[in-house]
Amino acid sequence: MSIEITQGHLRDDSLLEKVVVSKTFWVLICTFFFGYPLIKSINRKLPDPLPVYYGVTDFNLSDEFGKPFGSKDLLGKVYIANFFFTSCTSTCPHLMKELQKIQKRLKGVGQSTAIVSFTVDPLTDTPEKLFKHSRKLNSNPWVWKFLTGNEETLRKTIEGGFKVVLGESKGKNDFQLYDIAHSEKLVLVDQKGRVRGLYSLDKNSINQLMLDVGLLVNNSFNRQI
C-alpha cells in the first residue's frame, strides 16, 4: 500500500501575528502599563499645604476617667477639638451626633488621630458626668476624649490656647460658657499642636475636614518613609 503525501499551501503570518510574537512589542506594553502610572503620579498636582494659623499653648486637664490628660498626650496626632456641655439641649446634641459619624470615619486611620471634646461648663461637667455622657455616645476612649478642669485652667486653654472668646453667664454659676458651645465650630490641630483649620457642621464642611485630616496624616507618613 502506498501513501501519497501532498503539500498544502503554507499561510504567511499576518502583520498582527508578527507583532504579537515580537519581544519588542511586549517590552513596549510592559513599559506603558508599569511606567504610565508612575509618570502620572510624578506629574500629579499635589494639594496645597494647609495654612498654619497658630499654635495651641500647652494644657493639662482631666479626662472622663479622672486621669490627667493634656497637650503632650496629643503630640504626634492629628486631632479635632470641639466645645460643648452635657446639659445643652439645643445645638450640642447635633454637634455630638456629627462627631459620632466622624469617629466612624476615622477608623481607618488607626491611632494617628483623635477627637477632643472640651466642656465649657466645668462646674457641672465633672469627670463622672463626662464618663456617663461618653458612654451614651458610644465613644471609643482610645480615640475620643472628654476633658474638664478647674475654671481658670479651662479658660486659659480655650481662650489662650484655641483663641476662642468665652462669655460668662449671670446665673447661679460664675463660669458658664454657653455661647462658645453654640458656635458649633470644629478645630483641626496637627501633630505639632498647630491649628490648621476651622469647620462648621454642614455636609460640605465636614467632608472638607475629613480630606484635610487625611492630608495631614499622609504628609506625616510620607516624611517617615
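Residues numbered from 1 in each chain as written. Predicted model: local features only at pLDDT ≥ 70, side-chain atom pairs only at ≥ 80, totals over all residues. Heavy atoms only, no water.

Engineer: I would appreciate a short explanation of the sheet that holds strand β1 (residues 54-55) in the present structure.
Structural biologist: Within a sheet, neighbouring strands are paired by backbone hydrogen bonds and run either parallel or antiparallel to one another. Taken in spatial order, the six strands of this open sheet run β1-β8-β7-β4-β5-β6, and their pairing is mixed. The open sheet is flanked by β1 and β6 (144-147), the only strands paired with a single partner. Helix-sheet contacts for helix α3 (residues 92-105) involve β4 (78-84), β5 (113-119), β6 and β7 (186-189), and the interaxial angle to β4 is about 165°. Helix α4 (residues 127-136) rests against β4 and β6 of the sheet, and its axis sits at about 150° to β6. (Pairing = 2+ DSSP bridges. Helix = DSSP H or I, 4+ residues; strand = E, 2+ residues; numbered from the N terminus. Contact = heavy atoms within 4.5 Å. Axes fitted to C-alpha atoms, helices over the stretch in contact; angles between N-to-C directions.)

Engineer: Looking at this structure, I do not really get the pattern of salt bridges. What am I missing?
Structural biologist: When their charged atoms lie close together, side chains carrying opposite charge are able to pair. A full pass over the atoms with the stated rule returns six salt bridges. K156 is paired through a salt bridge with E152; the nearest N and O atoms lie 3.2 Å apart. In this pair, K156 and E152 both sit in helix α5 (residues 151-161), four residues apart, roughly one turn of the helix. Per residue, the accessibility class of K156 equals that of E152, and both read exposed. (Salt bridge = Lys/Arg side-chain N within 4 Å of Asp/Glu carboxyl O. Buried < 20%, exposed > 50% of the residue type's maximum accessible area, 1.4 Å probe, protein only.)

Engineer: Would you take a moment to explain the pairing of β4 for this structure?
Structural biologist: Within a regular beta strand, the side chains point alternately toward one face of the sheet and then the other, so they alternate between its two faces. For β4, the buried fraction is high: seven of the seven residues fall into the buried class. Here β4 shows no split at all, with V78, I80, N82 and F84 on one side and Y79, A81 and F83 on the other all buried. In the sheet, β4 pairs with β5 via seven bridges, with the strands oriented parallel. Within the sheet, the bridge partner assigned to Y79 lies in β5 and is A114. Tracing the backbone out of β4, into α3 and back to the parallel element β5 gives a crossover that is right-handed. Here three bridges tie β4 to β7, and the two strands are oriented antiparallel to one another. Each residue of the ladder has a partner; that of I80, found in β7, is L188. (Right-handed = clockwise from strand over helix to strand, strands pointing away.)

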